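Residue-level structural notes
Chain residues, written in single-letter form:
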Amino acid sequence: MPVEAAAAPVIAIDGPSASGKGTISERVAAALGFHYLDSGALYRLVALAALRADIDLDDETALAALALDLDVQFGGGVIILSKQNVTDDIRSEICGMGASKVAALPGVRAALLARQQAFRKPPGLVAEGRDMGTVVFPDAQLKVFLTASAEVRAGRRYKQLKEKGIDANIRLLLQELRERDQRDSARSVAPLQKAVDARELDSTGLGIEEIVRQVLDWYRQKAAGSLGQ
Ligand code: DC
């Protein structure tokens, strides 16, 4: 990695499904003019590519090879996989569940590591996921662990789906969220956990603007501290 890229600051935002990481990370990145990495999208892309190629979701060798060779482009809010726009396809519950399964395989995680680290470029990066602060960017300038109760998260997901005109059942959503939390937290490799040096932010009862402001305040304090101010 070029020295310049390695030195670019990183804000790592980790947390469980539907904790609001995506919205918050995009807003923080826009406010600072930083690049943005949605690492969950990569796991979702592996799941989608596997489903399309009829690869079994526990065939680690085949999935790791697929992850290494993914032909994907991100840009302008659009995700292109093998020349096809899959921006909406990867958001389906099937891809979410599939992503959670393939993400438990060490070979897949290893195959995606360098691809994630390559997003670190000047002037900086906001990276969101489950292991940004613990594994992918352990030297991140700021690490935030964003939480909210499972009920609040299921409620948010329900509202998002309804707004898109998709029929949803809140009890089922809550059950699926809990299953996914359990799998993401219990896996042996890079489980969802708060980095020791992460700041925890419980978003229950907070608005998006308040959360974004808090993350930006923390980052500015850190940046000022590292300049010795
Ligand atoms: O954030 P998301 O819901 O798009 O993530 C989809 C799945 O990918 C999630 O169930 C866990 C997994 N994931 C992961 O293991 N590590 C990451 N850094 C990001 C996502």
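Please refer to the structure placed before this passage.
Below: a short report on this structure. Quick caveat: nothing in here was measured; it's all calculated off a predicted structure. (Residues numbered from 1 in each chain as written. Predicted model: local features only at pLDDT ≥ 70, side-chain atom pairs only at ≥ 80, totals over all residues. Heavy atoms only, no water.)

1. Side note on the environment of Leu 174
- Tracing the sequence through the fold places Leu 174 in helix α9 (residues 170-186).
- Judged by relative accessible area, Leu 174 falls into the buried class, the value being 18%.
- Contacts of Leu 174, omitting those with residues within four sequence positions, involve Ala 150, Glu 151 and Ala 154. (Helix = DSSP H or I, 4+ residues; strand = E, 2+ residues; numbered from the N terminus. Buried < 20%, exposed > 50% of the residue type's maximum accessible area, 1.4 Å probe, protein only. Contact = heavy atoms within 4.5 Å.)

2. Overview of empty space enclosed by the protein
- Throughout the structure, instances matching the rule amount to one cavity of 30 Å³ or more.
- Forming the boundary of the largest cavity are Glu 93, Arg 157, Leu 173, Glu 176, Leu 177 and Arg 180.
- With four residues, α9 is the single largest residue contributor to the lining of the largest cavity.
- The class makeup of the residues in the lining of the largest cavity is two nonpolar, no polar and four charged. (1 Å grid on protein atoms, 1.4 Å probe; cavity = no way out; pocket = protein on both sides within 12 Å on 5 of 7 lines; lining within 4 Å. Points joined across faces, edges and corners; volume = space filled by probe spheres on them. Nonpolar A, V, L, I, M, F, W, Y, C, P; charged D, E, K, R; others polar.)

3. Thoughts on the sheet that holds strand β6 (residues 125-129)
- Strand order in the open sheet made by the five strands is β2-β6-β1-β7-β8, with parallel pairing throughout. Whereas interior strands pair on both sides, the edge strands pair on one side only; in this sheet they are β2 (35-38) and β8 (199-202). On average, each strand axis in the sheet is inclined to that of its neighbour by 20°, with strand direction left out of account.
- By the bridge criterion, four bridges tie strand β1 (residues 10-14) to strand β7 (residues 142-147) in an arrangement that is parallel. Across the sheet, residue Ile 11 finds its bridge partner in β7, namely Leu 142. (Pairing = 2+ DSSP bridges. Axes fitted to C-alpha atoms, helices over the stretch in contact; angles between N-to-C directions.)

4. With respect to the nonpolar core
- If you look at the biggest cluster of nonpolar residues, it comprises 37 residues, and the most contacted ones within it are Leu 37, Leu 45, Val 46, Leu 63, Val 108 and Phe 137.
- If you list the elements that add at least two residues to this core, you get β1, α3 (39-53), α4 (60-69), β4 (78-81), α5 (93-102), α6 (106-117), β6 and α7 (132-136).
- Examining the composition of this core, we find that eight residues originate from one element, α3, more than from any other.
- Apart from the residues within four sequence positions on either side, Leu 45 is in contact with Leu 70, Val 72, Phe 74, Ile 79, Leu 81, Val 86 and Ile 90.
- Of all hydrophobic cores here, the second largest spans 17 residues; its members include Ile 13, Leu 146, Leu 216 and Trp 218. (Core = buried A, V, L, I, M, F, W, Y, C linked by side-chain atoms within 4.5 Å.)

5. Topic: the packing of aromatic side chains
- Using the criterion set out here, one finds two aromatic pairs in the structure.
- Between Phe 34 and Tyr 219 the ring centres are 5.8 Å apart and the planes differ by 80°, which places this aromatic pair in the edge-to-face class. One end of the pair, Phe 34, is in the loop between α2 (21-32) and β2; the other, Tyr 219, is in helix α10 (residues 208-226), with 185 residues separating them in the sequence. Summarising the burial analysis for this pair, Phe 34 and Tyr 219 share the class buried. (Phe/Tyr/Trp six-rings, centres within 6.5 Å; stacked < 30°, edge-to-face > 60°.)

6. Topic: the environment of Ala 62
- Looking at where Ala 62 falls in the secondary structure, it is placed in helix α4.
- On the basis of relative accessibility, which here comes to 24%, the residue Ala 62 falls in the partly exposed class.
- Residues Ala 62 and Ala 114 lie 52 residues apart in sequence; the distance between their C-alpha atoms is 18 Å.

7. Observations concerning the pairing of strand β3 (residues 72-75)
- By the bridge criterion, four bridges tie β3 to β4 in an arrangement that is antiparallel. Residue pairing for β4: Val 72 is matched across the bridge by Leu 81.
- Joining the antiparallel neighbours β3 and β4 is a turn of two residues, in which Gly 76 adopts a positive phi near 60°.

8. Comments concerning the sheet that holds β3
- With antiparallel pairing, three strands are arranged side by side in an open sheet as β3-β4-β5. Single-partner strands in this sheet number two, and they are β3 and β5 (84-85).
- Bridge count between β4 and β5: two bridges; the pairing is antiparallel. By the bridge assignment, Leu 81 is partnered in β5 with Gln 84.
- Against the sheet, α3 contacts β3, β4 and β5, and its axis sits at roughly 35° relative to β4.

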